[in-house]
Amino acid sequence: MRVAIIGAGVAGLASARRCLENDFEPIVYERSKGVGGTWVYDERTGIDEFGLPIHTSMYQNLMTNLPKELMDFPNFPYTGLDDVSFLKSCQVQEYIEQFTEHFGLYKHIRFCSLVTSVEKLTNNWQVTAEDLKTKTSKTEYYDAVMVCNGHNALPFTPDIPGNNDFDGIQIHSHNYRIPEHFTNLNVLIIGSGPSGVDICSDVSKIANQVYFSHHKPELIEKDFPKNVIHKPDVEHFSKKSVSFKDKTEQTLDAIIYCTGYKITLPFLKPSCGINVLNDKLITPLYKNIINMNNPTMGFIGYLNLTFVFRIFDLQVRYYLEFLRQNSSSRLDCMIKTMTPVTTHFLGENMLNYCKSLLLDKIKVEPIPPVYFEVYNGCHKLKDKYYRSYHSSVVRSSTVMIM
């Protein structure tokens, strides 16, 4: 079976590895010059040398908020990092490159190759890609398509009254790289996801004052730097200030929107049978993986609030086994029993989601329970242990948080 894989980040590389193990023929399309996807650090923002938006959102001082024991591919542990669990982004990127080399994936990847069109034909898939170096296009045909290009590249910025009148710096976290640009400034952080919390702490080291706008009462109890002031939602902006819902006003120099991303799949043509609702939900997907209108198209990695390496690998193994077991006639019968997902967010439902992949007739090896125990333990203690870079260690079936 010939499989087109779109993207050479964590999801795409996991897909290529498992395709080879199943004697499938993977061709990986990657628009950049290297593997890693969002883990690649690029000091540039805006447009790259090919005239395309910079894909990565990685910033220089990022430290993982999960231990490396939750950020590995099965049967391929990190090496030389026994004394540390929370890693720098460059260490994760190096691991991804080692994984790609170890499993012989490089020869299956077409770098600087931008997929411009995917169409469903009667019996197969037509994929057209542009070679960004030569500006030439090539069309090929596949038995299946795995969409693995990620969902953290197109920023979502809320339309807040007065934001066009504000005179200072305005950026999305997608374009945040180093805190030095905010030296001695009064900075507003909007959004309290992982990036919002982390960038808030990073900027506070060098800013004069940081206003952290969110509506999560539990964050107020956390140990933030002294120059961080928690504020409610923004009411409106003026030329040099911000007004909050609590009727207070503060002088402001810069705004960083940590407000998430839109999902965009411009290369999927209508024949694919996929829609993106409100820029947030790919539909109709079964188990967040299978295109219910055309089951020989799968989506890997379109999940939030989870530990990605092992979960993505589980998705891949489930989908490839689904393809391996089912002929075209059986696929048509199975579609009638499928129901589409209504969210890509897992969070507390992560374990139930993984278990649901094991309840079908498709048999795949489960993720060992210890990984979920470690994940839950990290969330309970992450502020204390993450900020001091202590270790959480997985040994066989035992969890040790030191």
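Residues numbered from 1 in each chain as written. Predicted model: local features only at pLDDT ≥ 70, side-chain atom pairs only at ≥ 80, totals over all residues. Heavy atoms only, no water.

Under an unreviewed UniProt entry, the name given to the chain is Flavin-containing monooxygenase, and the organism recorded is Acyrthosiphon pisum. For the chain, the Sequence similarities (unreviewed entry) comment in UniProt is given as "Belongs to the FMO family." According to its UniProt record, the chain has this under Cofactor (unreviewed entry): "FAD". (UniProt positions renumbered as here; feature names shortened; annotations may be inferred.)

Kindly report on the sheet that holds strand β15 (residues 249-251), identifying the contributing residues and their values.
Taking strand neighbours across the sheet as the criterion, the three strands line up as β13-β14-β15 in an open arrangement whose pairing is antiparallel. Of all strands in the sheet, those bounded by a partner on one side alone are β13 (234-237) and β15. Looking at each pair of strands side by side, their axes are set apart by 25 degrees on average, direction ignored. Judged from the three bridges that link them, β13 and strand β14 (residues 241-244) form a sheet pairing that is antiparallel. In the sheet register, Val-234 faces β14, and the bridge partner there is Phe-244. (Pairing = 2+ DSSP bridges. Helix = DSSP H or I, 4+ residues; strand = E, 2+ residues; numbered from the N terminus. Axes fitted to C-alpha atoms, helices over the stretch in contact; angles between N-to-C directions.)

So what's going on with the packing of aromatic side chains? Residues and values would help.
Applying the stated criterion across every chain, the model contains 19 aromatic pairs. Each ring, one from Phe-307 and one from Tyr-375, has its centre 5.6 Å from the other, and the planes form 50 degrees; the classification is tilted. On the criterion of sequence distance, the pair formed by Phe-307 in the loop between β22 (297-299) and α5 (308-325) and Tyr-375 in helix α8 (residues 369-387) is long-range, its members being 68 residues apart. On the basis of relative accessibility, which here comes to 0%, the residue Phe-307 falls in the buried class. Aromatic pair Tyr-319 and Phe-322: ring centres 6.0 Å apart, planes at 20 degrees, arrangement stacked. (Phe/Tyr/Trp six-rings, centres within 6.5 Å; stacked < 30°, edge-to-face > 60°. Buried < 20%, exposed > 50% of the residue type's maximum accessible area, 1.4 Å probe, protein only.)

Break down the pattern of salt bridges for me, citing the residues and quoting the values.
Scanning the entire structure with this criterion turns up 20 salt bridges. Ionic pairing is found between Glu-49 and Arg-44, a salt bridge with its closest N-O pair at 2.9 Å. Among the salt bridges present, the one from Glu-69 reaches Lys-68, with a minimum N-O distance of 3.1 Å. Each member of the pair, Glu-69 as well as Lys-68, is classed as buried. The structure contains a network of salt bridges with shared partners spanning Arg-2, Glu-25, Arg-110, Lys-138 and Glu-140. (Salt bridge = Lys/Arg side-chain N within 4 Å of Asp/Glu carboxyl O.)

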